[in-house]
Protein chains: 2
Amino acid sequence: MPGLLLTTIEMIKPLDKGAMAEARSRQDMLTKPRGSLGMLEDLSVKIAGICRCAAPSLGNKAIVVMAADHGVVAEGVSAYPQEVTRQMVANFLNGCAAINVLARHTGVRLVVVDMGVIGGFEAHPSLVCKMIDFGTKNIARGPAMSREQALDTLEAGIAVVEAQISQGLDIVGTGDMGIGNTTSASAVGAAITGLSAAELTGTGTGISEERLSHKVRIVNQALETNQPSHDDAIDILAKVGGFEIGGLAGVILAAAANHIPVVIDGFISGAAALIAVKLAPLTREYLIASHLSAEPGHLLMLDYMRLTPLLNLKMRLGEGTGAALGISLAEASVKILKEMLTFGEADVSDKSREGG
Amino acid sequence: MPGLLLTTIEMIKPLDKGAMAEARSRQDMLTKPRGSLGMLEDLSVKIAGICRCAAPSLGNKAIVVMAADHGVVAEGVSAYPQEVTRQMVANFLNGCAAINVLARHTGVRLVVVDMGVIGGFEAHPSLVCKMIDFGTKNIARGPAMSREQALDTLEAGIAVVEAQISQGLDIVGTGDMGIGNTTSASAVGAAITGLSAAELTGTGTGISEERLSHKVRIVNQALETNQPSHDDAIDILAKVGGFEIGGLAGVILAAAANHIPVVIDGFISGAAALIAVKLAPLTREYLIASHLSAEPGHLLMLDYMRLTPLLNLKMRLGEGTGAALGISLAEASVKILKEMLTFGEADVSDKSREGG
């Protein structure tokens, strides 16, 4: 394992239980019935543990959207043609896609990364180029990429986060773009969780039921052809993954290593999280599941990682759209911790009759 | 029925189907798979219908938090002493309660209304005084208020919204503060839906299971003593309601009359919405259910009104905290509609293989 990846994994430690206890204790004293902000209270405590600070601030917010192409689109697994990956990245750079709108709405800066889009791009101030190759190979016929390339994707993700940290980064979200990438994500999910391709494969951008059966067959074929090793996340990534999936796994590992909460988006980010957690199980504690995707396999991935999503709005777009909304809830939760007064500070009578 | 209330009710019309069709058609052309933003897409279409505009803006956002005391606290139904109502209103005015934090986070202005808090308040630039009386009477022993007072609460709510409209108001949320008000809300809910007190009564701010049984008995006693007429929402409000519940019902009616989306908070706002919908059934179409409260009766209220909540974060605080988060999602949904480009505008290939 190369140096940067190894060092990053070794930096990942358990959450700070002291900061969590302090945050919980403050939540319990704030002017509201104990527990009455539900999941927002738990979220603030988790973030305190991640940040190693009882009253964290999340002013510097970013979403890393990674894009790449997938050779498996040759098998007819997507409703959209391959060139849409490249066109949508251009749309991100123009500021007119869904993730741009939601990032602006939630005050999150957007970092668009080309991990391997066919055709490439002209230089653009908002585009980070970490191109591995012009798309993966077709996983139905052989490995997506070499093992070396898989390691490169992880290190690229780590490098992107380190560059963002130098600009100030308190919380990071993950997002993806890549026509065909739900097929890869299903294969990664099946290889890691041991669940079947049928359970983990959905209609993605919106294929017919008939084409869904075909997609399940392709995922099975990818697993049978490549025989990824259940215990080796890098082997799984190389054989059935994608450049953006590996890159996002690197983003997640780097965030955990640097005590930064990571808000994961939907199905593709879920596959990236599975790889990161497989490589470094403590990473799980740094993950915030923003939303439950309408893609049915997403719930199985989250269950496998024992994560509860904050939102369930039947979204299935990717791009980090769920992550943007989740980041806003995360920020709200820590503002509660910092800006609300306690019963004592506000001179409000605490629960008296039950001594609670 | 007095003039202002009658006029307001008569102004409530069905949603604008043309604006909704236009918004839906634009959603279907935006650069994302059709339907992939799930409930956010439906929400934007509903708001278009409410605002009678295919591309509405929701820049002017307010939450009206109404506070009042409840005579029924004499029966020992709450975990907190009655003076907390007044203390928490002071906390709102100081900007340090949960709703202040979430309103700032979501860019929503807060309008605090004294509908009848024991002790009253000094004049304060952020406080609207619509005081009906120093708290309701004990509903376990007789009616909460006179029929005339009930009508006054509704007209007070209407007047508050009209004053806000003159300052610019694109969307409004509802919030409440009133120790003992879950008991009133349960009684209102039971009287309107016909469901039992046991089904509609929960632990509120956090009473024990034993005290919950007592609370259910008190709700039943209130219904038996007062015999509110199932078909007369004003009778129900007068006999077992509260000043803030009536005021919020007025807010909801005035918003619907003026084509302004109303984002309702949790259990108390649910009771207010039931009264508004009973008075003017078309009001239902103007309601956006922000979240599902942890108070179990809330789901039954929403089901009765055929509303699906956007969020389920196990919150049960009131104050408009859920409404603030819901308003932010509503604003996000219409920004999507306005700020995203269509496939044609962005030069992105639309779904080709399935002709969709």
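Residues numbered from 1 in each chain as written. Chains lettered and ligands numbered in written order. Predicted model: local features only at pLDDT ≥ 70, side-chain atom pairs only at ≥ 80, totals over all residues. Heavy atoms only, no water.

1. Considering the interface of chain B and chain A
Phase 1: Listed by partner, the interface residues are 62 residues for chain B and 62 residues for chain A.
Phase 2: Between chain B and chain A the total buried area reaches about 5100 Å² when both faces are included, carbon and sulfur atoms providing 59% of it.
Phase 3: Across the contact surface, chain B and chain A share two salt bridges.
Phase 4: Its salt-bridge partner being B:R104, residue A:E339 comes within 2.9 Å of it at the nearest N-O pair.
Phase 5: Applying the counting criterion to the chain B and chain A interface returns 18 residue pairs in polar contact (both at pLDDT 80 or more).
Phase 6: By residue number, the principal contributor to the side of chain B that touches chain A is helix α14 (residues 321-339) of chain B, which donates nine residues. (Contact = heavy atoms within 4.5 Å. Buried area = accessible area lost by both parts, 1.4 Å probe. Salt bridge = Lys/Arg side-chain N within 4 Å of Asp/Glu carboxyl O. Polar contact = N/O pair within 3.5 Å; in protein donor to acceptor, adjacent residues only side chain to side chain. Helix = DSSP H or I, 4+ residues; strand = E, 2+ residues; numbered from the N terminus.)

2. Re the relation of the copies chain B and chain A
Look at the two chain copies: a rotation about an axis and a shift along it is all it takes to match them.
Phase 1: The two copies are related by a screw motion: chain B maps onto chain A through a turn of 180° and a shift of 0.0 Å along the axis, at an RMSD of 0.0 Å. Classification of the inter-copy transformation places it as that of a two-fold axis. In terms of C-alpha distance to the rotation axis, chain B has B:L311 as its closest residue, with the C-alpha 3.2 Å off the axis.
Phase 2: The fraction of interface residues of chain B whose copies in chain A are also interface residues reaches 100%, indicating that both copies meet through the same surface. (Least-squares fit on C-alpha atoms with pLDDT ≥ 70 in both.)

3. Let's talk about the domain arrangement of chain A
All names here are of chain A.
Phase 1: Taken as a whole, chain A is organised into domain 1 (3-56 + 338-354) and domain 2 (61-329).
Phase 2: Each of domain 1 and domain 2 was reduced to a C-alpha centroid, and the two centroids are 30 Å apart.
Phase 3: Together, the buried faces of domain 1 and domain 2 total about 2000 Å²; carbon and sulfur atoms form 75% of this surface.
Phase 4: For the domain 1 face of the interface with domain 2, the top three residues by lost area are L5, I12 and I50, together amounting to 30%.
Phase 5: Taken together, the links from domain 1 to domain 2 amount to zero salt bridges.
Phase 6: Counting across the domain 1 and domain 2 interface gives seven residue pairs in polar contact (both at pLDDT 80 or more).
Phase 7: Looking at the side of domain 1 that touches domain 2, the elements that each hand over two or more residues are α1 (3-11) and α3 (38-51).
Phase 8: A per-element tally of the side of domain 1 that touches domain 2 places α3 first, with seven residues.
Phase 9: Here the residues of the side of domain 1 that touches domain 2 sort into 13 nonpolar, two polar and four charged. (Domains from an automatic or database assignment. Nonpolar A, V, L, I, M, F, W, Y, C, P; charged D, E, K, R; others polar.)

4. Describing the sheet that holds strand β5 (residues 262-264) of chain B
Residue and element names in this part refer to chain B.
Phase 1: The parallel open sheet is built from six strands, whose spatial order is β3-β2-β1-β4-β5-β6. The open sheet has two edge strands, β3 (127-129) and β6 (287-289), and neither has a second partner. Neighbour-to-neighbour, the strand axes of this sheet turn through a mean angle of 30°, independent of strand direction.
Phase 2: In the sheet, β5 pairs with β6 via three bridges, with the strands oriented parallel. Its bridge partner lying in β6, V263 is registered against I288.
Phase 3: Against the sheet, helix α4 (residues 83-94) makes contact with β1 (61-68), β2 (109-116), β3 and β4 (171-177), and its axis sits at roughly 140° relative to β4, the strand it touches most. (Pairing = 2+ DSSP bridges. Axes fitted to C-alpha atoms, helices over the stretch in contact; angles between N-to-C directions.)

5. Some words on the pairing of strand β4 (residues 171-177) of chain A
Residue and element names in this part refer to chain A.
Phase 1: Across the seven residues that make up β4, a large majority, seven, are buried.
Phase 2: The alternating pattern of β4 places I171, G173, G175 and M177 and V172, T174 and D176 on opposite faces, both of which are buried.
Phase 3: When strand β1 (residues 61-68) meets β4, the two strands line up parallel, connected through seven bridges. Bridge pairing links V65 to G175 in β4.
Phase 4: Alignment of β4 against strand β5 (residues 262-264), held across two bridges, turns out to be parallel. Each bridged residue has a counterpart across the sheet, and for V172 the counterpart in β5 is V262. (Buried < 20%, exposed > 50% of the residue type's maximum accessible area, 1.4 Å probe, protein only.)

6. Brief notes about unusual backbone geometry
Phase 1: Of note in the backbone geometry, A:D347 takes a positive phi value of approximately 60° without being a glycine.
Phase 2: In this structure, A:D347 sits in the segment after α15 (343-346).
Phase 3: Judged by relative accessible area, which is 61%, A:D347 ranks as exposed.
Phase 4: Even without being a glycine, B:H259 presents a positive backbone phi close to 60°.
Phase 5: Position of B:H259 relative to the elements: it lies in the loop between α11 (243-257) and β5.

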